[in-house]
Amino acid sequence: STPPFGFEQVSTLGRRCLPAPLSTPTSSRLYCICSPPTCSTKISMVFVLLVALQLPLANFASAAEAAVASCFTPRLAQTLVACNPSIVGGWRKQSVVVLDGVLGREACERLRSEAEAIRSRGLLERAESSGDVMATQVTPDDDSMRRAATTLTALPRAIARAAGRRINDEVRGRQASGEAMSCLVEDGAHTNKLAVVETDGGAYLKHVDSILAGGMDPRKLTAIYYLNPNWSEAQGGHLRAWDAVVVGGDGGEAGPPAGGDGAVRVAPRGDRLVLFWSDGLVHDVEPLRIASEADHRWALTTWHLAADPAADRSLAQGLDPWLDVRHFGAPLTSLTAPARRLATRSLADACGRALQVMTRR
């Protein structure tokens, strides 16, 4: 039969899509995307085959990495890099990049089932950041977790590799123009958290992910993949962000929430990937309305790491003083604290040099 438009008939699954092809019987007629993949239903066909045939973990990871790279276009990466807190500080609006239909509904449903399998094995713990959240770090190195969630444990690394390379391509271009900006680790090294809100009214308080000074917290870019294929507006649980604009997605969720506080809202709908700067975005999660287990809000967060946290101006500084004043009740005098510290160090250095000169005399 004739392959669908944009596809070619192949006897090995993976040519042009998967770096490690898997041999199949010659009688099998499988189709693979041969045109440049786009963030659409075409690329999700790869995941339908992977999930249905239970293909090896390496194949899923490779396909997931390709799908994220396809959706996270250079234009979106450019938009995100333009508001990097290391170059704009806390006074400029942050971008929240929203990617929809990343892996396909079937893959999202499979990942949700694996997340629930992790919970059923007792591998979740009460999160310290919020009493309403159960969470864990997913890793293929844990045998029990890998058996419960073969594909889910591979997803964070795939996201980290794809998004890290895309961001770094843009960063390196700016470095060549003389801008002081550090790259992300792009070999897949990351930290992550699988989290579920199970309690009616459960929420996350307003916060910034990375706030420690001196580069002690290397988390630089946050990527959240939502595992809620049947989410509805009535369930709530939106990601809410201040001093921000939403880029991508369907654009229909960027209005201010009830209360008129000027924040933008992003729905936690299934198969959606949301990216923003860990050290720049002030955000929370609105309360959920949970009537049954099907309403539980699942999210897999991957934190990309800075290649040199101490050299990154924002990570070295810690929480931006402007954000601290605007959103967390810090006194206005805190805005002058960095200048006072700099003046004190400069005075101390000058006195030290003068003392050395007097000693030599």
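What you are looking at is a predicted structure, and each value in this text was computed from that prediction instead of being measured.

Reading the values: the criteria
- Residues numbered from 1 in each chain as written.
- Predicted model: local features only at pLDDT ≥ 70, side-chain atom pairs only at ≥ 80, totals over all residues.
- Heavy atoms only, no water.
- Salt bridge = Lys/Arg side-chain N within 4 Å of Asp/Glu carboxyl O.
- Helix = DSSP H or I, 4+ residues; strand = E, 2+ residues; numbered from the N terminus.
- Buried < 20%, exposed > 50% of the residue type's maximum accessible area, 1.4 Å probe, protein only.
- Polar contact = N/O pair within 3.5 Å; in protein donor to acceptor, adjacent residues only side chain to side chain.
- Contact = heavy atoms within 4.5 Å.

(A) Inspection of the pattern of salt bridges at higher detail. Under the defined criterion, the tally for this structure stands at 18 salt bridges. In this structure, Glu65 engages Arg161 in a salt bridge whose closest nitrogen and oxygen atoms are separated by 2.9 Å. Of the two residues, Glu65 is situated in helix α2 (residues 57–71) and Arg161 in helix α7 (residues 155–176); the sequence distance between them amounts to 96 residues. Judged by relative accessible area, which is 25%, Arg161 ranks as partly exposed. The partner of Arg119 in a salt bridge is Glu198, with the nearest N and O atoms 2.9 Å apart. Linking Arg119 in helix α5 (residues 105–120) with Glu198 in the loop between β8 (190–197) and β9 (204–207), this pair joins segments that are 79 residues apart in sequence. According to the relative accessible area criterion, Arg119 is buried, its value standing at 18%.

(B) Quick peek at the side chain of Asp279. Among the structural elements, Asp279 can be located in the loop between β14 (272–277) and β15 (282–285). Among the polar contacts listed, one links the side chain of Asp279 to the side chain of Ser314, at a separation of 2.7 Å. Dropping the residues within four chain positions of it, Asp279 is found in contact with Pro85, Ser86, Val208, Ser210, Lys220, Asp312, Ser314 and Leu315.

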